[in-house]
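# Summary of the model geometry
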Amino acid sequence: MAGSTGTALLPGAEPFAYVGGSVGVLLVHGFTGSPGSMRPWGEALAAAGLTVSCPLLPGHGTRWQDMVPTGWPDWYTTVRGEFLRLRRECDQVFVMGLSMGGTLTLRLAEEHGAEVAGLVTVNASLRTERWQAGLAPLLSRILPAVPGLAGDVKADGVPEVGYDKMPLRPFASLRKLWAVTSADLGRIVSPVLAYRSVVDHIVEPSSGALLLAGVRAPIEERLLADSWHVATLDNDKEKIFAGSLEFVRTHSLSPLVPEPAASDG
C-alpha cells in the first residue's frame, strides 16, 4: 500500500476502518505519527459496536520528506472530509485525537458545532514554551528537519510508527493551526473529555491549561499518571479506551451494536 505521494507506507501506518452501528467515531493521529498509534483504541471502540475510521494524514506514514510540502490545511481537509463521510453514514459522530490529532478535532468542532456529538482529546497540542519554535519558519530555509518526536512512550518495548525526524516547514504550519484553534475554543458547543499525561516530553501542561480555560462547553480533564505523550499506546491506554467508550455511551442517542464487522482500508 502506498501513501498519498506514492511512497510505500511504513509497516503499521495503514489507515483503518471498522463497520459497526449508527454511532461513528473519527480518530485522528498526531504530527509525524500515523494511524498505528490509534489502532488499539480503534479496535476497542469497534468491539463495542461503533463505526470507526482513522485516516492517514497527508505527508504522514511514509518518509519525512513527503511531509515537507504539506501543512495544516491539508491535514484538516482530510479530517473534515472523513468526518462528513461518517456524518452521511451515521446518526452521530464523535471525534477523538492524539496530540495534533486532538488539535484538529478541536478545530473541527469549532467549525461544525453540534454536528460533532462529542470530543475526546489525548495530550492535545495548542502551544509550546520552547523559544526555538518561533525560529522554525527561518530555519526551515536552511535546515529541512530536526530530530523527531515519535516514541515518547513510558512502557518498555512499545514502538510508535512515525518519523525519526521533524520537518520544520510543516511544524511552522502546525503553529498556525495552534493559533487559529486557540482563538476559537469558545465556539465549541460539544462536550469534551480531555486526557493529559502528567509527564509529557512533547506537549507542555500549558496546552492543557489553555484548553480548559478556552472551552465554554462542558469539559472534563483526566490525568494520566503512568503514561508519557503517546498515551494511546502506553500504560494508561485501557483507561482511555474505557473512558472514551463511557463518554460515547453517555452522549449517544442510540444503543451500541455489540458485534461489528471489521475491514481495513
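In this text, all values refer to a predicted model and were calculated from it rather than measured experimentally.

About the thresholds
Residues numbered from 1 in each chain as written. Predicted model: local features only at pLDDT ≥ 70, side-chain atom pairs only at ≥ 80, totals over all residues. Heavy atoms only, no water. pLDDT = per-residue confidence, 0-100. Contact = heavy atoms within 4.5 Å. Core = buried A, V, L, I, M, F, W, Y, C linked by side-chain atoms within 4.5 Å. Buried < 20%, exposed > 50% of the residue type's maximum accessible area, 1.4 Å probe, protein only. Helix = DSSP H or I, 4+ residues; strand = E, 2+ residues; numbered from the N terminus. Axes fitted to C-alpha atoms, helices over the stretch in contact; angles between N-to-C directions. Parallel < 35°, antiparallel > 145°, perpendicular 65-115°, else oblique. Left-handed = near helix turned anticlockwise from the far one by under 90°. Nonpolar A, V, L, I, M, F, W, Y, C, P; charged D, E, K, R; others polar. 1 Å grid on protein atoms, 1.4 Å probe; cavity = no way out; pocket = protein on both sides within 12 Å on 5 of 7 lines; lining within 4 Å. Points joined across faces, edges and corners; volume = space filled by probe spheres on them. Patch = residues over 30% accessible without salt bridge, like charges linked within 9 Å, V, L, I, M, F, W, Y side chains within 5 Å. Areas by Shrake-Rupley, 256 points an atom, 1.4 Å probe, with all protein chains shown as cover. Salt bridge = Lys/Arg side-chain N within 4 Å of Asp/Glu carboxyl O.

### Points about the confidence of the model for the protein
In this model, the protein carries a mean pLDDT of 90, and residues with pLDDT of at least 70 account for 88%. Low confidence marks residues 259-263, where pLDDT is under 50. Its contacts with residues over four positions away, or in another chain, come to eleven contacts.

### Thoughts on the nonpolar core
As a rule of thumb, nonpolar side chains are buried together in soluble globular proteins. Counting residues in hydrophobic clusters, the biggest one holds 39 residues, and the most contacted among them are Trp75, Leu104 and Ile188. Of all the secondary structure elements, the ones that give two or more residues to this core are strand E2 (23-28), helix H2 (72-89), strand E4 (92-98), helix H3 (100-112), strand E5 (116-122), helix H5 (168-183) and strand E8 (192-197). In contact with Ile188, other than residues within four places in its own chain, are Leu106, Ala109, Glu110, Leu119, Val215 and Ala217. In this structure, Leu50, Leu98, Tyr195 and Leu245 belong to the second largest nonpolar core, which totals 32 residues.

### Focus on the packing of helix H1 (residues 39-47) against helix H7 (residues 237-251)
Each pair of packed helices can be described by the angle between their axes along with the distance between the axes. Where H1 meets H7, the axes come as close as 10 Å, and the angle between the chain directions of the two elements is 40°. Taken together, the axis directions place H1 and H7 in an arrangement best described as oblique. The element H1 and its partner H7 pack so that their crossing is right-handed. Two secondary-structure elements touch here, H1 through Pro40, Trp41, Ala44 and Leu45 and H7 through Ile240, Phe241, Ser244 and Leu245. Class assignment of the residues belonging to the contact of H1 with H7 gives a composition of seven nonpolar, one polar and no charged.

### Thoughts on unusual backbone geometry
The phi angle at Thr32 is positive, at roughly 65°, despite the residue not being glycine. By the secondary structure assignment, Thr32 is in the loop between E2 and H1. In the Ramachandran plot, Asn123 falls in the positive-phi region, its phi being about 50° despite a non-glycine side chain. Along the polypeptide, Asn123 turns up in the loop between E5 and helix H4 (136-139). With relative accessibility at 3%, the residue Asn123 sits in the buried group.

### Regarding empty space enclosed by the protein
Counted under the stated rule, the structure contains one cavity of 30 Å³ or more. Around the largest cavity sit 19 residues that line it, and Asn123, Ala124, Tyr195, Arg196 and Gly208 are the ones nearest its centre. For the lining of the largest cavity, the elements supplying multiple residues, two or more each, are E8 and helix H6 (205-214). For the lining of the largest cavity, the element with the highest residue contribution is H6, accounting for five residues. Taken together, the residues that form the lining of the largest cavity break down as ten nonpolar, five polar and four charged.

### Looking at a nonpolar patch on the surface
Side chains of Val198, Val199 and Leu223 sit close together on the surface and give an oily, nonpolar patch of about 250 Å² of accessible area. Looking at where Val199 falls in the secondary structure, it is placed in the loop between E8 and H6. Note on Val199: relative accessible area 38%, which makes it partly exposed.

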